Structures are given as C-alpha cells and as structure tokens.
Amino acid sequence: MPDVITIDGPSASGKSSVARRVAAELGLPYVSSGLIYRGVTYQVKRYGINPDDEAAIVRMLGQHPVQLVPLPEGNRMLAEGQDVTAQMHTLEIDQAVSAVARHPEVRAYVYRSLRALQPPFVVEGRDMGSTVFPDAALKFYLTATPEVRARRRLGERDADYATVLAELIRRDAADAKQIPPAPDAIIIDTSAMGLEEVVQTILERIRRAGAKTP
Ligand SMILES: Nc1ncnc2c1ncn2[C@@H]1O[C@H](COP(=O)(O)OP(=O)(O)OP(=O)(O)O)[C@@H](O)[C@H]1O
Ligand SMILES: Nc1ccn([C@@H]2O[C@H](COP(=O)(O)O)[C@@H](O)[C@H]2O)c(=O)n1
C-alpha cells in the first residue's frame, strides 16, 4: 500500500468527495489541505487582519493557530480548539481564501501542518503532488470544465448558477500558480463521469500499481 496518495485539481473538481471515498475503500484517513487555508482565512477575518499583510497573518497564527483534524467521516477544522468546520464552505471564505493562500509564509505554515501528519493517508488539494508530497507513490489530478463544476457546486452555496460559475473562474485564476498538475500525475477528466466512476477508476489504478510493487 502506498504511503501517500495525492488527489489534486481545481475548485469543485470533486477532490474532497473522491478522496474521502477512495480513502474509506483503502481503510486510510483522508486529509483536506484546502480546509487549512480556509481555517487560516477564517482567523484572518475574525481578527480583522489585512489579507495582504503576510507578516501580520503569520503573527496572528502564532497566537491563534488552527488545527486540521482528519476524521474519516469528514475533516474538521479547529480554530483555537473551537470547531468552526460549518463556517468553512461559505461564499465569503471562497472569495477571500486565495488572497491569503498566495503568501509564501502562509503556504509554509500549511505545508508544515501537512508534513507533520503520520502517513499513510490520501491527501487532496492543489499542489499536494507537485510540491508538498513530491515523492508520493501515486498522484491523481481531477479536471472538469468550469460549467460542469459550477453545476455540481450549485446547491452547496447560497448563490445562483451565474454567480457560482463566475466565482469558480475567478478562483481558478487566483489559484493559477499552485494549480498545474505534477508532471507524473494521472490526469482524469471527470466532466462526463459520475462520482462513483471516478472513485472506481482511481481504485483500479491503485490496485494496478500495487500489483507492480514487489
Ligand atoms: N464526478 C462527479 N459527478 C457528479 N458530481 C460530482 C462529481 N465529483 C464531485 N461531485 C459533486 O461536486 C460537488 C463538489 O465536489 P467536491 O466538494 O468534492 O469538490 P472539491 O474539488 O473538493 O471542491 P473545493 O476545492 O472547492 O473544496 C459535490 O457536491 C460532489 O458531490
Ligand atoms: N493545496 C491547496 C489547497 C487549497 N489552496 C487554497 O485554498 C483554497 C480552498 O481550497 P478548497 O480545496 O477547499 O477549495 C483554494 O482556492 C486555494 O486558494 C491552495 O492554495 N493549495
């Protein structure tokens, strides 16, 4: 069994749903890296920090840290010990998170949190395969057109289709630096695939890779 399996892709490509299902099938924990960036953004807003002020964000995190709890039934986000998971997937956090996540020192904070976790696990995000776990045994990258992703996301946000689509396209552009897939990632275009089909495709690739491992 590989130590670390990475599943990356743009917003609403299905990373967290797929990672959770794949991890459950393998009996492994799954880890949502985006939830840490969301937790940091929540604290930035809570403490009224300017999202452009990298040094102030890092200082704030020293006093008011966040912690990811990767439970199999769903990752939880703790801010100073308080469970704030329910407030992580709002349009307000969607719109602010990329500005916070672009700072190298913020990324270093998140990378340290992720690398401190004990493998094996399935981890999802943008740059898990390209940057954070370059030695991961297996790397997947999910794509889908913005329109398909916006339709999937509709209903999870308090917004209409046009707003959800515009927000997805904006976030893709804002995250462009960390979005490119690792050169050795297996790319799966899920535009015409159901969730279960994506999960089974990945599990099949993992089984095949496992069969090749001595
Ligand atoms: N292949 C698929 N077919 C249909 N629906 C899907 C598929 N993959 C994911 N979904 C649905 O799309 C929505 C978004 O999926 P999910 O939250 O897993 O994406 P994500 O990439 O983790 O998003 P984000 O990066 O914004 O957190 C969910 O409602 C999920 O059930
Ligand atoms: N590896 C990652 C993961 C996430 N981000 C940033 O966090 C935002 C939220 O991520 P979700 O997966 O929960 O949507 C995302 O838009 C990025 O700004 C990142 O930079 N790297």
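Residues numbered from 1 in each chain as written. Chains lettered and ligands numbered in written order. Predicted model: local features only at pLDDT ≥ 70, side-chain atom pairs only at ≥ 80, totals over all residues.

(A) Highlighting the site of ligand 1. Around ligand 1, a shell composed of 17 residues is seen, among which Gly14, Lys15, Ser16, Ser17 and Arg152 lie nearest. Contributing elements (two or more residues each) for the shell around ligand 1: α1 (15-26), α7 (146-153) and α9 (195-212). If one sorts the elements of the shell around ligand 1 by residue count, α1 sits on top with 3 residues. For the shell around ligand 1, the class distribution of residues is 4 nonpolar, 9 polar and 4 charged. (Near = placed C-beta within 6 Å. Helix = DSSP H or I, 4+ residues; strand = E, 2+ residues; numbered from the N terminus. Nonpolar A, V, L, I, M, F, W, Y, C, P; charged D, E, K, R; others polar.)

(B) Region of the structure containing the domain arrangement of the protein chain. Each assigned domain of the protein chain is listed with its residue range as follows: domain 1 (1-28 + 120-214) and domain 2 (33-118). Each of domain 1 and domain 2 was reduced to a C-alpha centroid, and the two centroids are 20 Å apart. Each side of the interface is counted separately: domain 1 has 15 residues, and domain 2 has 12 residues. Among the elements of the structure, β6 (121-125), α6 (128-132) and α8 (161-174) are those that each provide at least two residues to the side of domain 1 that touches domain 2. With 4 residues, the single largest contributor to the side of domain 1 that touches domain 2 is β6. Of the residues contributing to the side of domain 1 that touches domain 2, the split by class is 7 nonpolar, 1 polar and 7 charged. (Domains from an automatic or database assignment. Contact = placed C-beta atoms within 7 Å.)

(C) Spotlight on the environment of Arg112. Tracing the backbone through its elements, the reader meets Arg112 in helix α5 (residues 104-115). Under the C-beta neighbour-count criterion, Arg112 is labelled exposed, with 9 such atoms within 10 Å. Taking C-alpha positions, Arg112 is 9.2 Å from Val132, a pair spaced 20 residues apart along the chain. (Buried ≥ 20, exposed ≤ 12 C-beta atoms within 10 Å, placed from the backbone.)

(D) Geometry of the site of ligand 2. Of all residues adjacent to ligand 2, which total 15 residues, the nearest are Gly34, Tyr37, Ala101, Gly125 and Arg126. Put simply, the parts of the chain that give the shell around ligand 2 at least two residues each are α2 (33-46) and α4 (91-101). Top contributing element to the shell around ligand 2 by residue count: α2, with 4 residues. Taken together, the residues of the shell around ligand 2 break down into 4 nonpolar, 6 polar and 5 charged. Counting the residues that make up the shell around ligand 2, at least three belong to each of domain 1 (1-28 + 120-214) and domain 2 (33-118).

(E) Broad picture of the UniProt feature "binding site: ATP" (unreviewed entry) in the protein chain. This chain's UniProt record puts "binding site: ATP" (unreviewed entry) on Gly9, Pro10, Ser11, Ala12, Ser13, Gly14, Lys15, Ser16 and Ser17. Residue placement: Ala12 occurs in the loop between β1 (4-8) and α1. In this view, Ala12 contacts Arg149, Arg152, Arg153 and Leu168; residues no more than four positions away in its chain are not counted. Considering the arrangement of structural elements, one finds Gly14 in the loop between β1 and α1. Sequence-distant contacts of Gly14, that is, excluding residues within four places in its chain, are made with Leu142, Thr190, Leu195 and Val198. (UniProt positions renumbered as here; feature names shortened; annotations may be inferred.)

(F) Here's a closer look at the sheet that holds strand β4 (residues 74-79). One open sheet accounts for 3 strands, arranged β3-β4-β5; its pairing is antiparallel. Edge positions in the sheet fall to β3 (66-71) and β5 (82-83), since each has one partner strand and no second. Packed on one face of the sheet, α2 meets β3 and β4 and runs near 25° to β4. (Pairing = 2+ DSSP bridges. Axes fitted to C-alpha atoms, helices over the stretch in contact; angles between N-to-C directions.)

(G) Inspection of the sheet that holds β6 at higher detail. Taken in spatial order, the 5 strands make up an open sheet running β2-β6-β1-β7-β8, and their pairing is parallel. Pairing within the sheet leaves two strands with one partner each, and these edge strands are β2 (30-32) and β8 (186-189). Direction aside, the axes of adjacent strands within the sheet are offset by 20° on average. Summarising the sheet, β1 and strand β7 (residues 138-143) pair through 4 bridges and their orientation is parallel. Note that in β7 the partner of Ile5 across the bridge is Leu138.

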